[in-house]
Amino acid sequence: MLKIYSTACFQVDNECKKLQPHGLQSIIAQSRDYEKLKTVWEGWRNVSGKRMRQDFAKWVKLSNEAIKDGKQYKNLGESWRSAYGPGFVKKIEKLFHKIEELYRLFHAYVRNTLIKKYGAKYFKDNLIPAHILGNMWAQDWANINELLLPYKERLDVTGEMVKQGYNISKMFHQAEHFFTSIGLKNMTEKFWNQSVFEKISKRDMVCHASAWDLMATNDFRIKMCTEITMEDFVTIHHEMGHIQYYQQYEKQPVYFRNGANPGFHEAVGDTLALSVSTPQHLEKLSLVKNYTNSYEAEINYLMLMALDKLVFVPFAYVMDKFRWNVFSGEISEDEYTAKWWEYKCKYQGIRAPVKRTEDDFDPGAKMHIAGAVPYIRYFVSYIIQFQFHKALCDKIGFKGPLHKCDIYEKEEAGKAFADMLQLGSSVSWEDALEKITGKKKMDASAMLDYFEPLKKWLKNHTDESTIGWSCKNVIKTSSSSTSKKEPFKTFILLSVFYVSIWINF
Ligand SMILES: [Zn+2]
């Protein structure tokens with residue numbers, strides 16, 4: 001499945017384009033041509049997900065058989081969730097409901113604004129077509145911010161990076177500098193010598209950014225096909241956060257050389273990036289010039305962050321809710337597409353721009369499903385990174401709105417973070433969370449705090465009658481493929497890798 005995914009290309013503009021770099025995802029990010037976007041959106045799904053539908057079904061069956069043989073879990077979903085302890089599904093549902101009101105408000109604003117651009121006919125039942133949100137999977141909508149930000153006070157960090165001749169090495173060193181500025185560790189010599197920082201030409205690569213703990217002395221690496229953009233600058237911090245965690249818990253016994261839970265691992269770099277991406281900090285890096293610290297600029301900034309962080313939460317939920325229910329048998333093979341779009345509608349308020357059938361397999365158009373990587377860790381991360389951010393800002397005595405806090409050069413913050421990171425998985429994640437935040441529970445309040453000024457603004461600028469959407473017309477798909485039933489070989493090779501890999505959302 002991953003081979004299908006990483007070698008897939010789709011013919012557009014006389015070239016068979018891959019996803020990235022400079023490929024199909026770039027078109028989705030940059031084009032505002034409704035029809036062209038639709039062609040690329042569908043094209044990518046035809047050459048990726050659709051081609052692995054039967055492999056996926058087979059993989060589910062085999063994985064479940066293997067898990068059941070261990071007699072500990074009823075299915076693979078249960079095994080995946082075991083990292084988080086009992087009652088986890090309910091906790092996630094509760095966290096989602098906590099941010100739901102803000103999400104629906106934001107969704108209404110985005111939709112109403114996009115209607116002005118594309119016309120009301122595309123927004124039936126108040127649903128947003130999935131292909132016009134600037135991201136191949138509609139997981140992050142920041143690429144279309146120029147259509148949505150209400151005020152002219154814009155940040156053009158990517159433009160500034162290009163103008164200043166930023167290169168990949170500078171981006172990585174600048175990220176490292178943030179870590180060391182708060183007293184965290186330098187990247188190692190092996191890191192700089194052995195990492196892959198850009199796409200190797202003429203080679204098929206899984207370009208999705210990842211961070212590797214080779215479990216040998218000082219050997220930690222990143223693999224990434226970096227492009228000179230603000231988005232990738234943030235991703236570098238994300239990946240470096242994994243490396244930092246590896247380094248901090250390196251002295252633990254092998255068994256505990258892991259995150260307190262997978263969501264913690266994903267949250268380290270992102271927590272720092274919440275400081276790095278503040279206009280105040282970007283100004284220190286000379287990536288923002290003459291920033292006016294006005295209310296309008298603040299709203300624009302919060303909206304930009306919501307396009308990245310807030311909209312991601314329901315997306316991440318659907319990714320694993322779908323798979324959990326496939327693993328448990330609640331979703332059968334002949335309703336993959338129907339259920340996928342049912343969830344997409346229910347939680348995200350988006351719809352497919354073209355007709356889908358049970359021959360398609362849109363989940364497989366996303367790397368983590370092709371590559372069998374659990375996804376709820378990113379949901380957890382997006383909630384707790386705000387808890388971490390708030391805790392660290394409290395530690396440095398920051399007074400003021402959370403979205404303005406920058407922990408740069410504050411060693412007290414770095415120390416508090418390191419004290420928790422060093423524990424690895426030697427304590428429960430609840431205890432690790434308590435160590436840094438003083439509380440044992442995941443809580444969306446910090447995230448809501450952060451976006452509070454935006455929420456007020458949205459309430460004043462959104463017609464209440466436009467909030468919400470309907471899923472009554474979500475396509476009921478038809479099954480035209482009768483999947484071949486073949487006897488499965490129950491031979492599974494389990495290999496133990498003493499390598500720990502963390503990849504990007
Ligand atoms: Zn990651």
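What you see is a predicted model; the values in this text were computed from it and never measured.

The rules we used
Residues numbered from 1 in each chain as written. Predicted model: local features only at pLDDT ≥ 70, side-chain atom pairs only at ≥ 80, totals over all residues. Heavy atoms only, no water. Helix = DSSP H or I, 4+ residues; strand = E, 2+ residues; numbered from the N terminus. Rg over C-alpha atoms; globule rule 2.2 N^0.38 Å. Buried < 20%, exposed > 50% of the residue type's maximum accessible area, 1.4 Å probe, protein only. Contact = heavy atoms within 4.5 Å. Areas by Shrake-Rupley, 256 points an atom, 1.4 Å probe, with all protein chains shown as cover. Lys, Arg positive; Asp, Glu negative; His and termini not counted. Charge placed at Lys NZ, Arg CZ, Asp CG, Glu CD. 1 Å grid on protein atoms, 1.4 Å probe; cavity = no way out; pocket = protein on both sides within 12 Å on 5 of 7 lines; lining within 4 Å. Points joined across faces, edges and corners; volume = space filled by probe spheres on them. Disulfide = S-S within 2.5 Å. UniProt positions renumbered as here; feature names shortened; annotations may be inferred. Phe/Tyr/Trp six-rings, centres within 6.5 Å; stacked < 30°, edge-to-face > 60°. pLDDT = per-residue confidence, 0-100. Polar contact = N/O pair within 3.5 Å; in protein donor to acceptor, adjacent residues only side chain to side chain. Axes fitted to C-alpha atoms, helices over the stretch in contact; angles between N-to-C directions. Parallel < 35°, antiparallel > 145°, perpendicular 65-115°, else oblique. Left-handed = near helix turned anticlockwise from the far one by under 90°. Arc of directions from axis to C-beta.

As a further point, take the overall build of the chain. For the chain, the helix and strand inventory stands at 21 helices and seven strands. Taken against the 2.2 N^0.38 rule, which gives 23 Å for 505 residues, the C-alpha radius of gyration of the chain at 22 Å falls within 12% of a compact globule. With the principal axes as the frame, the chain shows a C-alpha extent of 60 × 55 × 45 Å. The buried share of the chain, reckoned over its 505 residues, is 56%. Across the chain, every contact between residues at least 6 apart in sequence was considered, and the portion connecting residues at least 24 apart equals 78%. About 21,600 Å² of surface is accessible on the chain, with carbon and sulfur atoms providing 51% of the total. In the chain, the 70 positive side-chain charges and the 60 negative ones have mean positions that sit 3 Å from each other.

For the rest of this paragraph, the subject is empty space enclosed by the protein. For the structure on display, the rule yields four cavities of 30 Å³ or more. Of the pockets and cavities examined, the largest cavity occupies roughly 100 Å³. Lining the largest cavity are 13 residues, with Arg45, Trp137, Trp340, Trp341 and Lys344 positioned closest to its centre. Sort the elements by how many residues they give to the lining of the largest cavity and helix 16 (residues 336–348) lands first, with three residues. The calculated volume of the second largest cavity comes to roughly 50 Å³. Lining the second largest cavity, in full, are Leu149, Glu153, Arg154, Leu155, Tyr291, Ala297, Asn300, Tyr301 and Leu304.

Under the defined criterion, the tally for this structure stands at four disulfides. With a sulfur-sulfur separation of 2.1 Å, Cys393 is cross-linked through a disulfide to Cys405. Across the S-S bond of Cys393 and Cys405 the torsion is about -100°, and the bridge reads as left-handed. Taken together, the residues Cys393 in helix 18 (residues 376–395) and Cys405 in the loop between helix 18 and helix 19 (411–421) connect sequence positions 12 residues apart. Regarding the disulfides, the chain carries the connectivity 1-2, 3-4, 5-8, 6-7 under sequence-order numbering of its bonded cysteines.

The feature "binding site: Zn(2+) 2" (unreviewed entry), as given by UniProt, occupies His238, His242 and Glu266 in the numbering adopted here. These residues run over 29 residues, yet every pair of their C-alpha atoms falls within 7.3 Å of each other. Here His238 lies in helix 11 (residues 230–248). Looking at His238, the relative accessible area reads 1%, which means it is buried.

Bringing the packing of aromatic side chains into the picture now. Enumeration over the complete set of coordinates arrives at 43 aromatic pairs. Taking 5.7 Å as the distance between ring centres and 65° as the angle between the ring planes, the aromatic pair formed by Trp59 and Phe327 counts as edge-to-face. Taken as a pair, Trp59 in helix 4 (residues 53–69) and Phe327 in helix 15 (residues 312–327) lie far apart in primary sequence, 268 residues in all. Exposure remark for Phe327: the relative accessible area of 3% places this residue in the buried category. Each ring, one from Phe96 and one from Tyr347, has its centre 5.2 Å from the other, and the planes form 75°; the classification is edge-to-face. Taken as a pair, Phe96 in helix 6 (residues 88–118) and Tyr347 in helix 16 lie far apart in primary sequence, 251 residues in all.

Turning our eyes to something else, we now look at the confidence of the model for the chain. Per-residue confidence for the chain averages 93 on the pLDDT scale, and 94% of its residues sit at or above 70. This stretch, residues 480–498, has a pLDDT under 50; its non-local contacts, to residues over four places away or in other chains, come to 19 contacts.

For the rest of this paragraph, the subject is the side chain of Gln348. When you line up the elements, Gln348 lands in helix 16. Of note is the side chain of Gln348, whose polar atom sits 2.8 Å from the side chain of Lys344. When neighbours within four sequence positions are excluded, Gln348 is seen to be in contact with Tyr103, His107, Ala138, Pro314, Phe315, Val318, Tyr343 and Trp469.

What follows is about the UniProt feature "binding site: Zn(2+) 1" (unreviewed entry) in the chain. When the UniProt feature table is mapped to this numbering, "binding site: Zn(2+) 1" (unreviewed entry) covers His238, His242 and Glu266. Inspection of the secondary structure puts His242 in helix 11. Looking at His242, its side chain comes within polar contact range of the side chain of His238, at 3.3 Å.

Our next topic: the environment of Glu227. On the secondary structure map, Glu227 appears in the loop between strand 5 (220–223) and helix 11. For Glu227, the contacting residues outside a window of four places in its chain are Pro21, His22, Ser26, Met171 and Asp232. Among the polar contacts made by the side chain of Glu227, one reaches the side chain of His22 at a distance of 3.5 Å.

Attention now goes to the packing of helix 19 against helix 20 (residues 429–437). Packing of helix 19 against helix 20 brings their axes to within 9 Å, and their N-to-C directions diverge by 165°. Put simply, helix 19 runs roughly antiparallel to helix 20. Handedness of the crossing formed by helix 19 with helix 20: right-handed. In this structure, helix 19 contributes Ala416, Phe417, Asp419 and Met420 to the contact, and helix 20 contributes Ala432, Lys435 and Ile436.

Of all the positions in helix 20, only Trp429, Ala432, Leu433 and Ile436 are classed as buried. Looking down the long axis of helix 20, one finds its buried residues gathered within 100° of arc, a one-sided arrangement. At its buried positions, helix 20 is contacted by helix 6, helix 12 (262–276), helix 18 and helix 19. Gly438 lies just past helix 20 and shows a positive phi near 85°.

What follows deals with unusual backbone geometry. At Ala138, a residue that is not glycine, the phi angle is positive and equals roughly 55°. Examined against the element boundaries, Ala138 turns out to sit in the loop between strand 3 (128–129) and helix 7 (145–148). Positive phi, close to 60°, is recorded for Asn218, a residue that is not glycine. Summarising the element assignment, Asn218 is placed in the loop between strand 4 (210–213) and strand 5.

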